[in-house]
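# Per-entry structural report
The primary structure of each chain is shown beneath.
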Amino acid sequence: MPIDTLYTYQSLLSEFVGKKMGNGLIQKLLRWYLVNHVKALFAGAFMKQDITPIPPNIAMPSDSQIQSAVEIVSRAKKPLILLGSQATLPPVAASDVKKSLESLGIPCYLGGMSRGLLGRKSDIHMRQQRRQAVNEADVVVLAGTVCDFRLNYGRILNKKSKIIAVNRNPELLYLNYPTFWSPALAIEGDVATFVVKLCDRLKGYNCSQDWLETLRQRDAEKEKKNMEMAEQPTNQHINPIKMLYKLEECLDDNSILVADGGDFVGTAAYVLRPRGPLSWLDPGPFGTLGVGGGFALGAKLCRPDAEVWIIYGDGSSAYSIAEFDTCYRHNAPVLAIIGNDAGWSQIRREQVPLLGSSVACDLLFSDYHTIANGYGGVGFRIDSTNEDQATTLIKKAQAAAKNGKPAVLNVLIGRTKFREGSISV
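Residues numbered from 1 in each chain as written. Predicted model: local features only at pLDDT ≥ 70, side-chain atom pairs only at ≥ 80, totals over all residues. Heavy atoms only, no water.

Right, let's talk about the overall build of the protein chain for a bit. Helix and strand counts for the protein chain stand at 16 helices and 11 strands. C-alpha atoms of the protein chain, sized along the principal axes, occupy 95 × 65 × 50 Å. Per-residue burial over the protein chain gives 48% buried out of 425 residues. The long-range share in the protein chain, meaning contacts at least 24 apart out of those at least 6 apart in sequence, stands at 71%. (Helix = DSSP H or I, 4+ residues; strand = E, 2+ residues; numbered from the N terminus. Buried < 20%, exposed > 50% of the residue type's maximum accessible area, 1.4 Å probe, protein only. Contact = heavy atoms within 4.5 Å.)

Right, let's get into the side chain of N410. Assignment of secondary structure puts N410 in strand β11 (residues 407-412). Classification of N410 by relative accessible area gives buried; the value is 0%. Reaching out from N410, the side chain makes a polar contact with the side chain of N340 at a distance of 3.2 Å. There is a polar contact of 3.0 Å between the side chain of N410 and the backbone oxygen of S366. In contact with N410, other than residues within four places in its own chain, are I338, N340, S366, D367, Y368, H369, F380, R381 and I382. (Polar contact = N/O pair within 3.5 Å; in protein donor to acceptor, adjacent residues only side chain to side chain.)

Turning our attention to the packing of helix α8 (residues 209-230) against helix α9 (residues 240-250). Relative to each other, α8 and α9 sit at 115°, their axes nearing to 7 Å. Here α8 is positioned roughly perpendicular relative to α9, judged by the angle of their axes. Where α8 abuts α9, its residues E223, N226, M227, M229 and A230 lie against I241, K242 and Y245. (Axes fitted to C-alpha atoms, helices over the stretch in contact; angles between N-to-C directions. Parallel < 35°, antiparallel > 145°, perpendicular 65-115°, else oblique.)

This is the structure:
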């Protein structure tokens, strides 16, 4: 839109044409051109327009599609549900989706903004060893989950399994089909509506306890290994896994987590447990950095009683840490933890072995916490010299936020092998 239309028609006409123009032919032609140019800019601007909000056109699963899904799932011995962000969208409340899944009792893996849908600790929420579970399942429901790089483009799906795919977007519904996978049932429609109706019609279905117990045991074993890795020394500073476990124990039950980073956020996704539905916001599958400040500000203004945390990488923090000024001025005291390892680690992890150079990946152990102080908030630095005070400093930051001051924890961390093999995007 031309910037000229930010002004009124009359003021712009006066500015363009002016009050003094000669009566010669050239001046008259110029005036005629300028007047018509302004009229063209405002063409249709004064006509009455229908400003009624356009209702969303959301496809809904049909009864026959739901029934087909019921027949497939009811015969399953090792069913699995993979939920994506679409499971949290209206018109169905996320809390209703949660109740339906709990009543059904089929093990679930949560991805994207569906993290937290089942609460902090749920008997049916599996967090670890997803690839192995998907490979062993005889029925997999892709409830908003897409066969992109996160599922190795569909390659990890067992060709002997029956796949039920549900998605509002037909392109995402069939992404990488039939090259790497093929659904037994594909439904273009609202994911949450499908889940609620499926669970309602499967009342009386009992998922195999042996299957559930197998997955739970694997979860516990992997969690134990993660905690052991958290205690391993790093090349310098603090083990990031250990720091995140400390934060996990301090998070308020009414907290919202905003993910904005690469390697540190990827680690946090395995350690931190969102407390409930709609309590995890992230940049989406392409890792679009810079959303942290805006997402957190919006979340705090919508839910002022919630404890809002931004999980930053040190590189990504630079995109939006200036919003702490906005947060302070508008009485929206958010908190941030910055995993400061002086680099773009998610990129460096693959770039160095491939190219033998960390060019453009190296940063400094900068004093990011001082930025918070400058914007009216408070900042704390945590490193190997005061690691034993980490929990105390987390609680001090939480107390500051409750008293109206945004707070930043600048945590200097070392490197681990926790995310070796992860895709760098």
